[in-house]
Amino acid sequence: MKQRVLYVDGFNFFYRAFSKDTQSTNQDGIPIGGVITFMRQLFSVINETKPTNVLIVFDGDSAGERRRKIFKNYKDRRGRRVGREIKTDYANFSNEDFQVNLLFELLGYFPFLICKVDFLEADDVIAFLVKKNKENFYNIISSSDKDYYQLVDEDIHIWSPEKKILITKNNFKERFKILPENFIYYKILNGDSSDNINGIKGLGEDRILKYIPQLNENIIENLDNLYDIINNIKEDKTKTLKTLKESKDLISRNYKLMKLGDDEFYTEKH
């Protein structure tokens, strides 16, 4: 039987936890709500997924720089979740930074693997690892970030910590109306507001499926295959279709921004 490896997107977990509880403190008045909620969520996922190994991956230093070279506004809507400051006799600390450091210290007492690679975001590291390990392990990724959906395969599943459901290759099409292999192409057309990446103006989910039904019928092999499908869409009178056919540069940019785990991420010189 294959070992079950759970990959946790560390900052995805922490910031959801931090936003849920900014008030709880310890007996000395130090805020610990984000850390406590993180650990509760983590052990809940472990209880649900029953892994043999747990790997928690955090964004490395300068993690978004590669993508900001492609699109300077990448993730620029994400503000610091500072909350209140922690005041001491010698310095003031942001609530966020203090709890992140506390979390790293606490995790060191548990038998988890912790991974953090400079210049790489957690989702790229996790993508690399699950692709490398999918033949030998049963891989479960836990995150609320839908970018991971593009990785779903026979031995790569997504556990949603909020919905408490396991997303697999067998149930993906039923849930999302597209094949998991095609999720990346759906997403580059639709965009991602959480990362400040715009999609095709006026398109939206319904029109994507209307114009490109192949998303839930056949595996789209690459961008050239997608361009051919778009170019062969029967003309209609809508401005949206015209915009779609004229958006090759935007589609190409979004693919570079959204595709996880390309080899160039690990060989590029910084």
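The model shown is predicted, which means the values in this text are computed figures rather than measured ones.

Below, the discussion takes up the nonpolar core. Counting 53 residues, the largest nonpolar core has Ile 188, Leu 189, Ile 212, Leu 244 and Ile 251 as the members making the most contacts within it. Apart from residues no more than four positions distant in its own chain, Ile 188 is found in contact with Gly 199, Leu 223, Leu 226, Ile 251, Asn 254, Tyr 255 and Met 258. Counting 23 residues, the second largest nonpolar core, distinct from the first, contains Phe 11, Tyr 15, Met 39 and Phe 58.

This brings us to the sheet that holds strand β6 (residues 137-142). Across the sheet, which stays open at both edges, the 6 strands sit in the order β5-β2-β1-β6-β7-β8 with mixed pairing between neighbours. Two strands close off the open sheet at either side, each with one partner strand: β5 (113-117) and β8 (165-167). The mean angle between the axes of side-by-side strands here comes to 25°, regardless of whether they run parallel or antiparallel. Relative to strand β7 (residues 156-160), β6 runs parallel, the two being bridged by 4 bridges.

A few words on the environment of Asn 182. Position of Asn 182 among the secondary structure elements: in the loop between α6 (169-176) and α7 (183-190). Classification of Asn 182 by relative accessible area gives buried; the value is 0%. Distance from Asn 182 to Thr 243, taken between C-alpha atoms, is 21 Å for residues 61 residues apart in sequence.

Of all 5 residues making up β7, 5 are buried, and the element is well covered by its neighbours. Judged from the 3 bridges that link them, β7 and β8 form a sheet pairing that is antiparallel. Bridge assignment links Trp 159 to a residue of β8, and that residue is Leu 166. What sits between the antiparallel neighbours β7 and β8 is a turn of 4 residues, in which Lys 164 has the positive phi angle 55°.

As paired elements, strand β1 (residues 3-9) and β6 share 6 bridges and run parallel to each other. Counterpart to Gln 3 in the pairing with β6 is Phe 137.

Although it is not a glycine, Lys 164 sits at a positive phi angle of roughly 55°. Residue position: Lys 164 is located in the loop between β7 and β8. In the Ramachandran plot, Lys 177 falls in the positive-phi region, its phi being about 65° despite a non-glycine side chain. Residue position: Lys 177 is located in the loop between α6 and α7. For Lys 177, a relative accessible area of 48% translates into the label partly exposed.

What follows concerns the pattern of salt bridges. Scanning the model with the defined rule gives 14 salt bridges in all. One salt bridge connects Lys 2 with Asp 155, and the closest N-O pair in it is separated by 3.3 Å. Of the two residues, Lys 2 sits in the segment before β1 while Asp 155 sits in the loop between β6 and β7, which places them 153 residues apart along the sequence. Judged by its relative accessible area of 34%, Lys 2 falls in the partly exposed class. Look at Asp 155 and you get partly exposed, because its relative accessible area is 22%. Salt-bridge contacts for Lys 134 lead to Asp 153; the nearest nitrogen and oxygen are separated by 2.9 Å. With a gap of 19 residues between them, Lys 134 in the loop between α5 (122-133) and β6 and Asp 153 in the loop between β6 and β7 connect regions that are remote in the sequence. Judged by its relative accessible area of 22%, Asp 153 is partly exposed. Connected through shared salt-bridge partners, Arg 67, Lys 75, Glu 121 and Asp 124 make up one network.

The subject of this paragraph is α7. Burial within α7 is extensive, with 7 of its 8 residues counted as buried. Just beyond α7, the residue with positive phi is Gly 191, at close to 80°.

With respect to the helices and strands, Pro 31 occurs in the loop between α1 (10-20) and α2 (33-49). Look at Pro 31 and you get buried, because its relative accessible area is 2%. Sequence separation between Pro 31 and Glu 96 is 65 residues; the distance between their C-alpha atoms is 9.5 Å.

Attention now moves to the packing of α1 against helix α4 (residues 95-107). Running from N to C, α1 and α4 cross one another at 130°; their axes reach a closest spacing of 12 Å. Relative to α4, the element α1 lies oblique. For the pair α1 and α4, the sense of crossing is right-handed. Across the interface between the two elements, Phe 11, Phe 14, Tyr 15 and Phe 18 from α1 touch Asn 95, Glu 96, Gln 99, Val 100 and Leu 103 from α4. Looking at side-chain class alone, the contact of α1 with α4 contains 6 nonpolar, 2 polar and 1 charged residues.

Cut-offs and rules
- Residues numbered from 1 in each chain as written.
- Predicted model: local features only at pLDDT ≥ 70, side-chain atom pairs only at ≥ 80, totals over all residues.
- Heavy atoms only, no water.
- Core = buried A, V, L, I, M, F, W, Y, C linked by side-chain atoms within 4.5 Å.
- Buried < 20%, exposed > 50% of the residue type's maximum accessible area, 1.4 Å probe, protein only.
- Contact = heavy atoms within 4.5 Å.
- Pairing = 2+ DSSP bridges.
- Helix = DSSP H or I, 4+ residues; strand = E, 2+ residues; numbered from the N terminus.
- Axes fitted to C-alpha atoms, helices over the stretch in contact; angles between N-to-C directions.
- Salt bridge = Lys/Arg side-chain N within 4 Å of Asp/Glu carboxyl O.
- Parallel < 35°, antiparallel > 145°, perpendicular 65-115°, else oblique.
- Left-handed = near helix turned anticlockwise from the far one by under 90°.
- Nonpolar A, V, L, I, M, F, W, Y, C, P; charged D, E, K, R; others polar.

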